[in-house]
Amino acid sequence: MPKVGMEPLRRKALIDATISAIGERGNLDVTMSEIAGRAGVSSALAHHYFGAKDELLAATMRHLLSELLIDTTAALRQAETARTRVSAVIAVNFSDKQFRSETIAAWLAFYVEAQKSPALRRLLRVYAHRLHSNLMSGLTRLLQRHEAERVAEATAALIDGLYIRRALREGIPNAASAIALVEDYLETKLSQAGNA
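Residues numbered from 1 in each chain as written. Predicted model: local features only at pLDDT ≥ 70, side-chain atom pairs only at ≥ 80, totals over all residues. Heavy atoms only, no water.

Q: Got a minute to help me understand the pattern of salt bridges in this structure?
A: The final tally for this structure, using the stated rule, is 13 salt bridges. With its nearest N and O atoms 3.0 Å apart, the salt bridge here joins Glu24 to Arg38. Taken together, the residues Glu24 in helix H1 (residues 6-25) and Arg38 in helix H2 (residues 32-39) connect sequence positions 14 residues apart. Note on Arg38: relative accessible area 32%, which makes it partly exposed. One network of salt bridges, with partners in common, ties together Glu24, Arg25, Glu34 and Arg38. (Salt bridge = Lys/Arg side-chain N within 4 Å of Asp/Glu carboxyl O. Helix = DSSP H or I, 4+ residues; strand = E, 2+ residues; numbered from the N terminus. Buried < 20%, exposed > 50% of the residue type's maximum accessible area, 1.4 Å probe, protein only.)

What follows is the structure in structure tokens.
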């Protein structure tokens with residue numbers, strides 16, 4: 001008889017193991033058996049909870065999105081001005097929780113896999129829409145609408161690009177440097193708008 005309350009713990013362990021395995025490999029070429037072993041459960045139990053590997057990968061990406069949403073929502077609640085709202089969104093994307101080597105590798109692998117997986121492509125669209133919306137929540141109060149759209153798009157591209165560049169490097173991710181690059185761009189655009 002299964003232990004009551006273990007399913008959520010085992011599901012979380014499998015998702016964490018998926019992120020770890022992808023982070024180590026740098027791609028989605030991991031087996032359910034390998035993931036289950038990392039999670040300390042049987043392969044049969046992993047299949048029982050998630051079915052096929054594709055379902056586990058989608059659940060892992062939903063988990064990453066959910067964690068990012070929770071962190072972003074908390075950061076935006078703390079932001080007192082339009083400018084600090086934008087900085088909060090940037091900072092969350094490069095926080096210790098989000099900007100870890102294995103998480104970066106998982107995001108990059110999901111980007112690649114989304115080219116052939118409609119389910120993952122939909123999830124990436126959710127991510128892109130949320131990021132854009134969160135950036136716009138501050139930028140529309142600082143810039144004309146059309147300029148806010150452009151700056152939000154470029155800021156999102158910088159965030160995504162820094163994840164890609166980070167995935168190609170060895171060592172510990174440098175969040176402070178990433179944040180500084182994005183903030184420098186943002187300050188330049190805001191200063192230009194103020195002088196226009």
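Q: Before we go on, may I ask you to explain the side chain of Thr155 in this structure?
A: In this fold, Thr155 is placed in helix H8 (residues 145-167). Given a relative accessible area of 0%, Thr155 falls into the buried group.

Q: Looking at this structure, I do not really get the UniProt feature "DNA-binding region" (unreviewed entry) in the protein. What am I missing?
A: With numbering aligned to this structure, UniProt lists the feature "DNA-binding region" (unreviewed entry) at residues 31-50. Overall, residues 31-50 shows 80% helix and 0% strand. The separation of its end C-alpha atoms is 13 Å. (UniProt positions renumbered as here; feature names shortened; annotations may be inferred.)

Q: Quick question: what am I supposed to make of the layout of surface pockets here?
A: Empty space left among the atoms is revealed by rolling a probe the size of a water molecule over them. Approximately 290 Å³ is the volume attributed to the largest pocket. Around the largest pocket, the lining comprises 18 residues; the ones closest to its centre are Gly23, Gly26, Ser101, Ala105 and Ala167. Elements with a minimum of two residues in the lining of the largest pocket: H1, helix H6 (101-113) and H8. Considering every element that reaches the lining of the largest pocket, the biggest residue donor is H6, with 8 residues. Taken together, the residues of the lining of the largest pocket sort by class into 7 nonpolar, 5 polar and 6 charged. Taken together, Phe99, Leu162, Arg165, Arg166, Arg169, Pro173, Asn174, Ser177, Ala178 and Leu181 make up the full set of residues lining the second largest pocket. Elements that contribute at least two residues to the lining of the second largest pocket include exactly H8 and helix H9 (175-195). When grouped by side-chain class, the residues that make up the lining of the second largest pocket number 5 nonpolar, 2 polar and 3 charged. (1 Å grid on protein atoms, 1.4 Å probe; cavity = no way out; pocket = protein on both sides within 12 Å on 5 of 7 lines; lining within 4 Å. Points joined across faces, edges and corners; volume = space filled by probe spheres on them. Nonpolar A, V, L, I, M, F, W, Y, C, P; charged D, E, K, R; others polar.)

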